[in-house]
Amino acid sequence: PEPVATAGQVIWREVEKGFEVAELPVMVGGHEIDTILLNRIDPTLYRFVARNASAGDRGIDEWEKAVPQAVLIVNGSYYDHKGEPDTPILSDGVPMGPADYDAKAGAFVSGEGFADIQGLSAQSWQTAFQGATNAMVSYPLLLGADGQTHVPVKSRWLANRTFVAKDNDGRVIIGTTKEAFFSLTGLADFLKDSPLNLEVALNFDGGPIACQSVRLTGFQRKFYARWEAQVEGDEVRLLRWPLGSASWAMPMVLTVERRTDG
């Protein structure tokens, strides 16, 4: 049976106005088995940009060089075999990815002074994108506005994970796990019971691409993801970070940047 994890103590630190960082211990049997690297962001002070580099030539280091103004970079939603968006996205107003797509989970949307996560069970992604300049459809919806988890199928697929969430104060929370402890079901259950005060949470792609870079005045964080494992019965299939390279290519990322419009 998958062990049940509980949250340890989380202490937020505001590094820049409207941008806080923390680490949330994941506890099992009194031991810290994983850690979630957290960022809590005021969307009225920062903008969120969905980006794609289909050539496959940008890992977290290359993204840092390509987007020097980004104070946070994490992997985004899913991509196809050509490195192009596998789900609909908006990148600074430019639509990318499939135009015909049946989405039932959720979408992260942002625009002038706002950011939100929209559930797609009762609306189309096209409707959810209205008024946004940057957006990403992704899945599954870990936590819905009804307060319940929404992972449709249980799996023992364990991986480094990245998620984006909104708390009940309207702030955006972006988190990345340091280890591959969580299945999607386990992560959803953990976030539901966590002290993060979440209203809704959406999963991004996971595995060795679930990297995170934070570059703030007085605070730096860089995390390279490593693991993904599918467990079926007694069989374990392991996908791991490639030796000899800094990180996997990240065709899809979400960046956070300071607003310069006053």
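Relevant structure appears above.
Residues numbered from 1 in each chain as written. Predicted model: local features only at pLDDT ≥ 70, side-chain atom pairs only at ≥ 80, totals over all residues. Heavy atoms only, no water.

### Some thoughts on the environment of K222
Argument step 1. Its location among the elements puts K222 in strand β18 (residues 219-223).
Argument step 2. Take K222: its relative accessible area is 38%, and that puts it in the partly exposed class.
Argument step 3. When residues no more than four places from it in sequence are discounted, the contact partners of K222 are D61, E64, Q212 and S213.
Argument step 4. Within the structure, K222 has its side chain in polar contact with the side chain of D61 (distance 2.8 Å).
Argument step 5. At a separation of 2.8 Å, a polar atom in the side chain of K222 contacts the side chain of E64. (Helix = DSSP H or I, 4+ residues; strand = E, 2+ residues; numbered from the N terminus. Buried < 20%, exposed > 50% of the residue type's maximum accessible area, 1.4 Å probe, protein only. Contact = heavy atoms within 4.5 Å. Polar contact = N/O pair within 3.5 Å; in protein donor to acceptor, adjacent residues only side chain to side chain.)

### Examining the pattern of salt bridges
Argument step 1. Per the stated rule, a full pass over the model turns up 13 salt bridges.
Argument step 2. Close ionic contact of K222 with E64 constitutes a salt bridge, the shortest N to O distance being 2.8 Å. Taken as a pair, K222 in strand β18 and E64 in helix α1 (residues 60-66) lie far apart in primary sequence, 158 residues in all.
Argument step 3. Look at E64 and you get buried, because its relative accessible area is 13%.
Argument step 4. Here the salt bridges do not stand alone but share partners, grouping E20, R40, D167, D169 and R171 into one network. (Salt bridge = Lys/Arg side-chain N within 4 Å of Asp/Glu carboxyl O.)

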